[in-house]
Amino acid sequence: MAKNLIIGQSGGPTAVINSSLAGVIDHVLASDKIDKVYGMINGVEGLLEDNVVNLSSMFEHMPHEVNRLKHSPAMFLGSCRYKLSGSDSEFEKIFEIFKKYDIGYVIYTGGNDSMDTVKKLSDYASKNAIDIKVVGIPKTVDNDLQGIDHSPGFGSAAKYIATCVRNVAYDTSIYSIKSVHIIEAMGRNAGWLTAASVLARQDNMPAPHLVYMPEVPFSVEQFLSDVKAKLEEYNSVIVVVSEGIRDADGNYIAEGGCSQDGFGHAQLSGVGAYLKTVIEDEIGCKVRALEPSVLQRSAGHIASLCDVNEAFNLGTVAVKAAEEGKTGVFATLSRISDKPYCVKYSTERVEVVANAEKVVPRSWINAEGNDVTDEMVRYLKPLIRGVAQTPYRAGLPDYIDIRHLDIKKQRYTNED
């Protein structure tokens, strides 16, 4: 008899993580190797509370809802930032729940830390001769995952940041007064999103005029010199900075008073506001600090079609890998060419990505540390292409209903 599959989502949201979920559900509903697909509400944290929903019963009679899910941002199943302790009692509880729902396949979607969960679950199953295959699906707007050319979620966030820069440039360039606008992009230790802001430079538009990433030590003195030089050339200067820029000693510019998440990572914000005060004090022109914050993560209305489709395909790749008996791997893609843009799908050992970070190569940043090279632009351009056909209703994006996440606990038996 065919076993069931359970899938969870973890970490921060993206515009396309549900596209991967849609890819999984779409494949399972047509598969004769897997019976039902279940979902963990709030990842492994919810799983430990037996908070599970029957996705087959939700979607099998409404296939059009799978497409709606594909074009809805954030996480239909909810999320968590829960690190498995590694205790036997914790794993025993999880695998008892797997047994209850007759699970033979586990799919977990997330970033670096979530892939650590995939590894631990897979290792426990193998160590204890439990026939459950565990496969990961990558996602992150930060694009800092090893073992993959680019992460699902990044292309859409990159498109959003570049669009923000372009819109701000149109807004500010109409005035003759001197001004500086600082846009703070997400990126604790990797500057990929900040770098993507340069895609706004179309039709000879120079904005962003300066970009600063964590990969290069940040000097306030050099920053002021750079801004002053640009103000001599332009009335309006737009600067994009990563939230995680650091000084020469490795200290985050915006680290003062920051908190930490469950994995010990600094929760950063405020670097734009800090640099605003620096410019006001030292230069004295009009300055605004803009922080897109969570807006850049779940902007489904401006998602990259390339990103949506690749995320969906990676969901399918993950399920097929599990069906083929693979475990302790994650679905990945590698770039074959830029022109025409083409990728190849495969799987990679989860050890490659778990608890590891991919930063921007120094060679893709200019010598001055305040811009990117042509090689970076060539890498970025294909990832934001295409317009996702987001459904609209009453003038607003018609995303899938997520009211089930407000319910404390949902339980469905195998008979549901």
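Located above this text is the structure these notes cover.
Small disclaimer: the values here were computed from a predicted structure and weren't measured.

A.B. asks: Give me the lowdown on a nonpolar patch on the surface, citing residues and values where you can.
C.D. replies: A surface patch of nonpolar side chains, about 330 Å² in accessible area, is lined by Ile174, Tyr175 and Ile177. In this fold, Ile174 is placed in the loop between helix H7 (154-172) and strand E6 (179-185). According to the relative accessible area criterion, Ile174 is exposed, its value standing at 60%.

A.B. asks: Let's hear about the nonpolar core: which residues, and what values?
C.D. replies: Ranked by size, the top nonpolar core spans 64 residues in total, and within it Leu5 and Leu55 carry the most contacts. No other element matches helix H11 (residues 305-323), which puts six residues into this core. For Leu55, the contacting residues outside a window of four places in its chain are Ile7, Leu21, Ile25, Val37, Tyr38, Gly39, Phe76 and Leu77. Ranked by size, the runner-up nonpolar core spans 36 residues in total, among them Ala162, Val198, Met205 and Met376.

A.B. asks: Could you give an account of the pattern of salt bridges, with specific residues and numbers?
C.D. replies: As a working rule, side chains carrying opposite charge can pair if their charged atoms are close by. Summed over the entire model, instances satisfying the criterion amount to 16 salt bridges. Salt-bridge contacts for Glu65 lead to Arg68; the nearest nitrogen and oxygen are separated by 3.3 Å. Placement of both Glu65 and Arg68 in helix H4 (residues 63-70) is noted, with a separation of three residues, approximately one turn of the helix. The same class applies to Glu65 and to Arg68, which are both buried. Through salt bridges with shared partners, a single ionic network connects Glu65, Arg68, Arg393 and Asp398.

Calculation criteria
Residue indices follow the written sequence of each chain, beginning from 1 at its first position. Under the rules for a predicted model, residues below a pLDDT of 70 receive no local features and side-chain atom pairs below 80 are neither given nor counted, while totals for whole chains, interfaces and linings still include all residues. Side-chain numbers come from the whole structure's heavy atoms, not from hydrogens or water. Put simply, a patch holds well-exposed residues, over 30% relative accessible area, that have no salt bridge, with like charges counted together within 9 Å and Val, Leu, Ile, Met, Phe, Trp or Tyr side chains within 5 Å. All accessibility values rest on the Shrake-Rupley procedure with a 1.4 Å probe; residue burial counts only the protein chains present in the view. Salt bridges are identified by distance alone: a Lys or Arg side-chain nitrogen within 4 Å of an Asp or Glu carboxyl oxygen. A run of H or I in DSSP counts as a helix once it spans at least four residues, and a run of E counts as a strand once it spans at least two, with each numbered from the N terminus. Burial classes: relative accessible area under 20% of the type maximum marks a residue as buried, over 50% as exposed, and values in between as partly exposed (1.4 Å probe, protein chains only). We define the nonpolar core as a collection of buried residues of types Ala, Val, Leu, Ile, Met, Phe, Trp, Tyr and Cys that are connected through side-chain atoms lying within 4.5 Å of one another. Should any heavy atoms of two residues lie within 4.5 Å, those residues are counted as being in contact.

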